[in-house]
Amino acid sequence: MNFTLHIWRQPGRNETGAFETHAVTGISPDLSFLEMLDVLNEELVGRGEAPIAFDHDCREGICGSCAMVINGDPHGPLPGTTTCQLYMRHFDDGAEITVEPWRARAFPVLRDLIVDRGALDAIVQAGGYVSVNSGAAPDAHTVTVAKQAADAAFEAAACIGCGACVAACPNGSAMLFTAAKVVQYALLPQGAPERSRRVIGMVETMDAAGFGNCSNHYACVEACPKEIPLYTIARLNREFLGAALGSREFIELERPHAHEE
Amino acid sequence: MNRMLRLFRTSIGSKLLVAATGAALIGFLFVHAAGNLLVLKGADALNGYADWLQGHPLLWGFRAGLLLLFAVHIGVSIRLAHENRAARPHRYRRIARLGSRLPGRLMPVSGGLLLAFLVFHLLHLTVRTVGPMVEPLHDGSGRVDVYGLLVAGFSEPWIAAVYVAAMVLLGLHLVHAIEALFQTLGFNHDSYQPLIRVLGPALALLIAGGFASIPLLVLVGVIGGGS
Ligand code: HEM
Ligand code: SF4
Ligand code: FES
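Residues numbered from 1 in each chain as written. Chains lettered and ligands numbered in written order. Predicted model: local features only at pLDDT ≥ 70, side-chain atom pairs only at ≥ 80, totals over all residues. Heavy atoms only, no water.

In terms of helices and strands, chain B carries nine helices and zero strands. Along chain B, helices and strands appear, N-terminal first, in the series α-α-α-α-α-α-α-α-α. Taken along the three principal axes of its C-alpha coordinates, chain B extends 60 × 45 × 40 Å. Residues classed as buried in chain B amount to 40% of the 227 residues present. In the form shown here, chain B has an accessible surface area of approximately 12,100 Å², with 71% of it arising from carbon and sulfur atoms. Across chain B, 18 positive and 9 negative side-chain charges occur, with their mean positions spaced 23 Å apart. (Helix = DSSP H or I, 4+ residues; strand = E, 2+ residues; numbered from the N terminus. Buried < 20%, exposed > 50% of the residue type's maximum accessible area, 1.4 Å probe, protein only. Areas by Shrake-Rupley, 256 points an atom, 1.4 Å probe, with all protein chains shown as cover. Lys, Arg positive; Asp, Glu negative; His and termini not counted. Charge placed at Lys NZ, Arg CZ, Asp CG, Glu CD.)

Okay, structure coming up:
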């Protein structure tokens, strides 16, 4: 298969970038999108040019690093799929494909398609610790969890922190990510003592990182490769409003400082 | 107090302000539309209702409350819209426009135009400096002839058109707003979400359609045709 790629190139963090056009030919339909880029990069290196920088690690849809917007869709046109699991057979032969990095103030471009998603780590860190008894391992079932709660927590825990929700949102909002990270604990007895401080810390850190606000467009849900459901955000709103209106922590905790640019 | 200030500095707290004031404004619009539809019962019913409102001891308290609702709703949503634009300094070359449907994306536009309409509407029927007036202004019982004002105003096609267009915008604003409102307040569950999906457009149509029916009925001569 043959394709024409329009790819964003940017040498460094505060430098100006531009689109570059490359033709790739003789591509097997069974190559993943990343492998197609590997083929192009080998050609570029062979010609003595700089390869296109892109993030990747597991190449099996679980690490969340293969961030790129393909023809206006984060991770490409296939629902519930990361870029590494997107295959060239999903495109028409001869297609023109535009590839851009995640665009958000909170995700500065480091090089070409690689952005710094550290703001998501800052949100997770703000969640803090979960208190557990240390010492001898507890007997199984000393803490019981309802099947429904375990399933719902697991559904939220499927989030791989890829940032596609932020990339898709017209406001660059990280609400779906933050919701998933809050909800995966909120339903479980483990970590219940930290429940209020966790949601307060994560939401205020999210705000300070320069993400936008949710305007209920729900583009995030359609872009999410792990199909985190929309009601996760409603549950985050409930968790946060409950903690803000009802907990002592909201008066006593220090507010987080703005994320460094 | 400290708690509330801190809450309103967060994104979710700001959305709570927009949603709560929006919900209160929807309540106001519902009552306002129902009151206006007294026009169907004739001049006496409408003028009597308007006269009762005008003489109500809480009139100014009520107006101050409405002003506050509008100010908070508009002020906070403008701040949010600014922050949202700043959060994406570099646009995409291509966007697939995943998910975000038209009424949602038009919220700042429909809201802004509604504000312009609100000014026009107040100049027309509250301050009474725009549009055709009636002679005499008061009816036989000494009450302001609101019925006559409506008929005279909406008989002018351009005034009727402005009102109907504004109600289309209102419907557009509310279609997105009502579903969003529940989500912002934290209500979204498989068991009742289908109901909210239906309730939003239905309530939007009821309110916007209720208002818009009045200029339309005047234009076709059903209201005020006989007098
Ligand atoms: C006429 C009466 C109005 C009513 C009943 C109303 C109602 C609402 C409601 C219920 C919401 C949803 C809040 C949420 O997302 O949870 C909303 C959002 C919004 N309203 Fe209004 N509104 C009115 C007028 C206005 C005006 C005059 C403006 C602007 C100047 C405006 C601008 C907005 C904007 C921009 C949003 C979206 C905020 C966001 O999601 O970031 N509205 N409105
Ligand atoms: S919520 Fe979905 S799109 Fe957002 S970071 Fe998690 S897996 Fe990625
Ligand atoms: S490379 Fe790990 S999810 Fe794509």
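On we go.
With that settled, consider the coordination of the iron atom of ligand 1. Residue and element names in this part refer to chain B. Distances from the iron atom of ligand 1 to its protein donors, namely His73 (NE2) and His173 (NE2), fall within the range 2.0 to 2.1 Å. Angles of 86 to 179° at the metal separate the six donor atoms of the iron atom of ligand 1, which places the site in the octahedral class. Of the two residues, His73 is situated in helix α4 (residues 59–86) and His173 in helix α8 (residues 157–184); the sequence distance between them amounts to 100 residues. Across the pair, His173 and His73 agree in class, each one buried. (Donors = N, O, S within 2.8 Å, 3.2 Å for Na, K, Ca; no water. Tetrahedral: all angles 85-135°; square planar, octahedral: opposite > 155°, others 65-115°.)

Turning to the domain arrangement of chain A, a few remarks are in order. Residues and elements named next belong to chain A. The domain boundaries assigned to chain A delineate domain 1 (3–111) and domain 2 (118–260). Between the C-alpha centres of domain 1 and domain 2 there is a distance of 30 Å. Taken residue by residue, the interface counts 16 residues in domain 1 and 18 residues in domain 2. With both chains or domains summed, domain 1 and domain 2 bury close to 1,300 Å², and 62% of this area falls on carbon and sulfur atoms. Looking at the side of domain 1 facing domain 2, the largest losses of area belong to Pro74, Ala106 and Phe107, adding up to 35% of the total buried there. In this assembly, domain 1 and domain 2 are joined by zero salt bridges. (Domains from an automatic or database assignment. Contact = heavy atoms within 4.5 Å. Buried area = accessible area lost by both parts, 1.4 Å probe. Salt bridge = Lys/Arg side-chain N within 4 Å of Asp/Glu carboxyl O.)

Attention now moves to the site of ligand 1. Taken together, the neighbourhood of ligand 1 is formed by 25 residues, with Ser215 of chain A together with His73, Gly111, His173 and Thr184 of chain B sitting nearest. Looking at the residues close to ligand 1, they fall on chains A and B. At 3.2 Å from an oxygen atom of ligand 1 is found a side-chain nitrogen or oxygen belonging to Asn216 of chain A. Contacts to ligand 1 include Thr184 of chain B, whose side-chain N or O atom sits 2.7 Å from an oxygen atom. Elements with a minimum of two residues in the shell around ligand 1: α2 (11–36), α4, α6 (107–126) and α8 of chain B. In terms of residue count, the dominant contributor to the shell around ligand 1 is α2 of chain B (seven residues). Its residues placed into classes, the shell around ligand 1 shows 15 nonpolar, nine polar and one charged. (Near = heavy atom within 4 Å. Polar contact = N/O pair within 3.5 Å; in protein donor to acceptor, adjacent residues only side chain to side chain. Nonpolar A, V, L, I, M, F, W, Y, C, P; charged D, E, K, R; others polar.)

Right, let's talk about the environment of Cys63 of chain A for a bit. All names here are of chain A. Tracing the sequence through the fold places Cys63 in the loop between α1 (33–46) and β3 (69–70). Cys63 sits 19 residues away from Thr82 along the chain, and the two C-alpha atoms are 9.6 Å apart. Once residues lying within four places of it in the same chain are set aside, the contact partners of Cys63 are Asp57, Cys58 and Ile160.

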